[in-house]
Amino acid sequence: MASAILMGLGSVAFAVFWLLAVFPSISFLPIGRTAGALLGALLMVVFQVITPDEAYDSIDLSILGLLFGTMVVAVYLERADMFDYLGKLLSWKSLGPKDLIFRICLVSGFSSALFTNDTICFALTHFVLKISRDQNLSSLPFLLALASSANIGSSTTPIGNPQNLVIALKSKISFAKFLLGLLPAMLSGLVLNALLLLCFYWRSLSDHVQKDIATLDANTLLNEELQAALPISESDTTGEELDIIDYDKGSCKRLMWKACVYLIVVGMLISYLVGLNMSWTATAAALALVVLDFKDAGPNLDKVSYSLLVFFCGMFITVEGFDETGIPGALWRLMEPYTGIENVSGIAVLSLVVVILSNLVSNVPTVLLLGSKIAASAAAAVSASEEKRAWLILAWVSTVAGNLTLLGSAANMIVCEQARRSPRFQYTLSFADHLAFGVPSTIIVTALGLALIR
């Protein structure tokens, strides 16, 4: 346990990080999440809670490499119309609003497992808004289906969301074992989530004027939305950008390029399944796509969220410093006797703690602070084989916990902001509306999934 002074200073630094992570535009210091994470990291070093060398050592390059590679792959998949096809799948031969609820849940869930929940929510929100307006329906149940199912689906693979990246790399659970361990929970969770949405919004889904749902081009829709919000003159578009967006979609060259992009991504997923290093595999796939494109990669690499990578660096240092104060360890020792995964009551208490912390301090810091402690406790109290189950329980609960409140996950906020800013199909997803469905859905889906994790 650190001295009382260091504990106090470390708590202040962590509080600054938490405040700006949860409220990035707070009036007295509106500097955003990324700058807030860096400020928290700097304070940990300035207050001498950790040394500069310890701060550098706390940054996990394998996680950053995997994040970077995954984001680059997503950029090229967008150019190869992958998200266009996902949008078309939602409206293809639709049987009505109830059918759409199931389609959105399944498409959002499965695609989030492969391409991250944040990416899918950004790509499909405008399309979901358009479909609901074509049916003269409230957008609420469809937006909730998109966000909640993206979170549930992302729980099943290490590349589905950031906290799973942390869990997979720290636990050294292979991609295949991670997938098989959580797949039954994810599948049942998606179906149950869709059924809950139908129960909650049956009347509003039944009261509508039936229209034919046209098969739309999701990328065209998204471009129309962006152009309406931010008109771009010809002088604002560089030759390089025109070179990217002015493909002849029917050309043989483009079809071959798209086929090669999909083959590289399939190869990346197969490499994950056979147990190759995920960080280097994602980076290799990203570079293969860059070489395949055979032109300056600058415009594509500019689309990578470098602020997210910087945020993770700051968060790694801040969380490491807070852990060094001894406060998380002391609190865990108080809770440990009641959180054993060998009995139902222990799993219930552990899940409650993780859900609360995931919504208070966010799921990634929760995983960083508690992951190793939960796994070590399971290994000591039960058996070494139970350590894997403890990590999977943490992955499932910390991810589904994001459905509890609107602020529980970045995917929720992306859907909310995209809907609010849409110039043609604007919709305000309120905190109360999300909470009314989020609380029962989170409790029921989490409980069902926990019973299926082995």
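Scroll up to find the structure.
Residues numbered from 1 in each chain as written. Predicted model: local features only at pLDDT ≥ 70, side-chain atom pairs only at ≥ 80, totals over all residues. Heavy atoms only, no water.

Engineer: So what exactly am I meant to see when it comes to the nonpolar core here?
Structural biologist: For soluble globular proteins, the rule of thumb is that nonpolar side chains tend to be buried together. In this structure, Ile101, Tyr272, Phe312 and Trp396 are the most contacted members of the largest nonpolar core, which totals 132 residues. Considering every element that reaches this core, the biggest residue donor is helix α10 (residues 175-206), with 13 residues. For Ile101, the residues in contact, after removing those within four places along its chain, are Pro141, Phe142, Ala145, Ala194, Leu197, Leu198 and Leu205. (Core = buried A, V, L, I, M, F, W, Y, C linked by side-chain atoms within 4.5 Å. Buried < 20%, exposed > 50% of the residue type's maximum accessible area, 1.4 Å probe, protein only. Helix = DSSP H or I, 4+ residues; strand = E, 2+ residues; numbered from the N terminus. Contact = heavy atoms within 4.5 Å.)

Engineer: It is not clear to me how the packing of helix α5 (residues 82-91) against helix α7 (residues 117-134) should be interpreted in this structure. Could you clarify?
Structural biologist: Working note: a packed helix pair is described by the angle between its axes plus the distance between those axes. Running from N to C, α5 and α7 cross one another at 40°; their axes reach a closest spacing of 10 Å. Relative to α7, the element α5 lies oblique. In this structure, α5 crosses over α7, and the sense of that crossing is right-handed. Listed contacts from α7 to Phe83, Leu86, Gly87, Lys88, Leu90 and Ser91 of α5 are Thr119, Ile120, Ala123, Leu124, Phe127, Val128 and Ile131. Taken together, the residues that form the contact of α5 with α7 break down as nine nonpolar, three polar and one charged. (Axes fitted to C-alpha atoms, helices over the stretch in contact; angles between N-to-C directions. Parallel < 35°, antiparallel > 145°, perpendicular 65-115°, else oblique. Left-handed = near helix turned anticlockwise from the far one by under 90°. Nonpolar A, V, L, I, M, F, W, Y, C, P; charged D, E, K, R; others polar.)

Engineer: Before we go on, may I ask you to explain helix α4 (residues 61-79) in this structure?
Structural biologist: In an α-helix, one full turn covers 3.6 residues, which means residues spaced three or four apart are oriented alike. For α4, with 19 residues, the first-to-last C-alpha span of 27 Å sits near the 27 Å given by 1.5 Å per residue. With 15 of 19 residues buried, α4 is to be regarded as a mostly interior element. Just beyond α4, the residue with positive phi is Asp81, at close to 70°. (Expected span 1.5 Å × (residues − 1).)

Engineer: Looking at this structure, how should I read a negative patch on the surface?
Structural biologist: Together, Asp53, Glu54, Asp57, Glu320 and Glu324 make up a region of like negative charge exposed at the surface. Of all the secondary structure elements, the ones that give two or more residues to the negative patch are α3 (52-58) and α16 (306-324). Broken down by element, the negative patch gets its largest block of residues, three residues, from α3. Within the element layout of this structure, Glu54 appears in helix α3. Exposure remark for Glu54: the relative accessible area of 37% places this residue in the partly exposed category. (Patch = residues over 30% accessible without salt bridge, like charges linked within 9 Å, V, L, I, M, F, W, Y side chains within 5 Å. Areas by Shrake-Rupley, 256 points an atom, 1.4 Å probe, with all protein chains shown as cover. Salt bridge = Lys/Arg side-chain N within 4 Å of Asp/Glu carboxyl O. Lys, Arg positive; Asp, Glu negative; His and termini not counted. Charge placed at Lys NZ, Arg CZ, Asp CG, Glu CD.)

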